[in-house]
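Spelled out, the chains give:
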Amino acid sequence: MARWGMVIDLDRCTGCAACEVACKSENNVAAVSVEQADMGRASSWMKVMAHVEGEFPDTTMHFYPRPCMHCDNPPCIRVCPVQATYIDDEGIVGQIYARCIGCRYCANACPYMVKYFNWYGPEWSEAERQHLNPDVSVRPAGVIEKCTFCHHRLQKAREDARAEGRELREEDYQPACVDVCPTNAIIFGDLDNPSHAVHTLKDDPRVLRLMEDLGTQPKVYYLRPRD
Amino acid sequence: MGGTAADRGGFVRVRWVSGSFGVILVAGIVITVLVTARPSVPQPVAFNHRKHTEELGLNCEFCHVHVTKGAHAGLPDAQTCTMCHQAAQGTSAEATRVTTLLAEGDPLTFKKLFRLEPHVFYTHRRHVGIAELECENCHGAIAQTVRPPARPLVTIDMDFCMDCHREQGQTLDCNACHR
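Residues numbered from 1 in each chain as written. Chains lettered and ligands numbered in written order. Predicted model: local features only at pLDDT ≥ 70, side-chain atom pairs only at ≥ 80, totals over all residues.

1. Re the overall build of chain B
Regarding its fold elements, chain B presents 8 helices and 0 strands. Ordered by position from the N terminus, the helices and strands of chain B form the series α-α-α-α-α-α-α-α. Sorting the 179 residues of chain B into buried and exposed places 9% on the buried side. Residue pairs at least 24 apart in sequence account for 62% of intrachain contacts in chain B once pairs closer than 6 positions are excluded. (Helix = DSSP H or I, 4+ residues; strand = E, 2+ residues; numbered from the N terminus. Buried ≥ 20, exposed ≤ 12 C-beta atoms within 10 Å, placed from the backbone. Contact = placed C-beta atoms within 7 Å.)

What follows is the structure, given as structure tokens:
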């Protein structure tokens, strides 16, 4: 059984936010008005966080792309009263919109703040509606949504592999953010499969995980910038 | 004598209350029937499945061309019908009507009979193309019908899917069908 995870090399990330755009496009993430965004109601399953170190003028900035950490010990699933969020056998933390009652306990329990509540139903122009991804739900108002590691791509890749009578290959299943990253800063694969790049990279001496001390065991690893 | 004014007031009140209750009851029944009744699915022609499958020996994929490769099985278009119905086939009035409609350029837009909820992500490819399930597993005796059914022959709900998945030892993961 695979255990999907991600490694993000902070030395390679230029903060271009292509991953953010690709994610929104792939997953039908709706835009909200400027006023709503100012109230913290914008959804961004992948968000590039800027981190500034040092005192002006001797400052350095690093960018931390932040998807859902798909924790092995996710705090969000413990508080969900209806099991709308859960961790599957392959380590992907799922969110079942049809089951979600919108209580927002999970969004508050998540220390990474990567769960987003739909305060309103999405509004799409006719042109945008033509470009919605048919493989992903359009979420209604009143439910929580989050990064899914593009697991619809996993299902498609698995179908392709089965139809061709072969095993799933590393390159078959890559989330949208990984596909578009121009500097290959994001690497994705099966953490338990020695032939996948992430298997080795997760043990790199530069590795850090966000808020590791909380015991959430996130499956998104960052490679610290070299000095 | 008709009793006191207070008695009459009580009688009117009772009649009014029971009358209102009756109206509400009838309205409730009508609303329930309207809400729960499934709309029938009108088709452009009275397609005879049995004629095409049993008597002519066509397989399902002949008309439902995407059934092994697509998410949707696909419905036949006028071009598919024209292959045989360019000239009138048989003696039935409906066969003659099909030929006339095709000659007039009618697109013969067939409507989907079996529909899933929008939060269910099902693919025919996975079930028919890869797992090689038979069509009647989910669609019942649709191939033996002689006229278009107004409603699905089988109610495909989550229990229906889960029962089969349990029997076949297939995934019960929520993510497998809901995204």
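2. Quick look at the domain arrangement of chain B
Residue and element names in this part refer to chain B. Structurally, chain B comprises domain 1 (43-72 + 112-179) and domain 2 (76-109). Between domain 1 and domain 2, the residue contacts involve 4 residues of the former and 8 residues of the latter. For the side of domain 1 that touches domain 2, a count of residues per class yields 4 nonpolar, no polar and no charged. (Domains from an automatic or database assignment. Nonpolar A, V, L, I, M, F, W, Y, C, P; charged D, E, K, R; others polar.)

3. Some words on the confidence of the model for chain B
All names here are of chain B. When pLDDT is averaged across chain B, the result is 87; 88% of the residues are at 70 or more. Ranking the elements of chain B by mean pLDDT puts helix 1 (residues 5-36) last with 70 and helix 8 (residues 158-168) first with 97. On the interface metric, ipTM, the complex scores 0.86, and its pTM is 0.84. (pLDDT = per-residue confidence, 0-100.)

4. Let's talk about the interface of chain A and chain B
Each partner contributes to the interface: chain A provides 16 residues, whereas chain B provides 11 residues. It is helix 6 (residues 151-163) of chain A that provides the largest number of residues to the side of chain A that touches chain B, a total of 5 residues. The residue makeup of the side of chain A that touches chain B, split by class, is 7 nonpolar, 5 polar and 4 charged.

5. Considering helix 1 (residues 18-26) of chain A
All names here are of chain A. Those residues of helix 1 that fall on the buried side of the exposure criterion are Cys19, Glu20, Cys23 and Glu26. Looking down the long axis of helix 1, one finds its buried residues gathered within 140° of arc, a one-sided arrangement. Against the buried residues of helix 1 lie strand 2 (47-53), strand 3 (60-66), helix 7 (176-180) and strand 8 (186-190). Where helix 1 terminates, the next one or two residues include Asn28, which has phi positive at roughly 55°. (Arc of directions from axis to C-beta.)

6. A closer look at the pairing of strand 1 (residues 4-9) of chain A
Residue and element names in this part refer to chain A. Among the 6 residues that make up strand 1, 6 are buried, leaving the element largely enclosed by the rest of the structure. Residues Trp4, Met6 and Ile8 of strand 1 are buried on one face, and the alternating residues Gly5, Val7 and Asp9, pointing to the opposite face, are buried as well. With 5 bridges joining them, strand 1 and strand 8 adopt antiparallel strand pairing. Residue pairing in the sheet places Val7 in a bridge with Ile187 of strand 8. (Pairing = 2+ DSSP bridges.)

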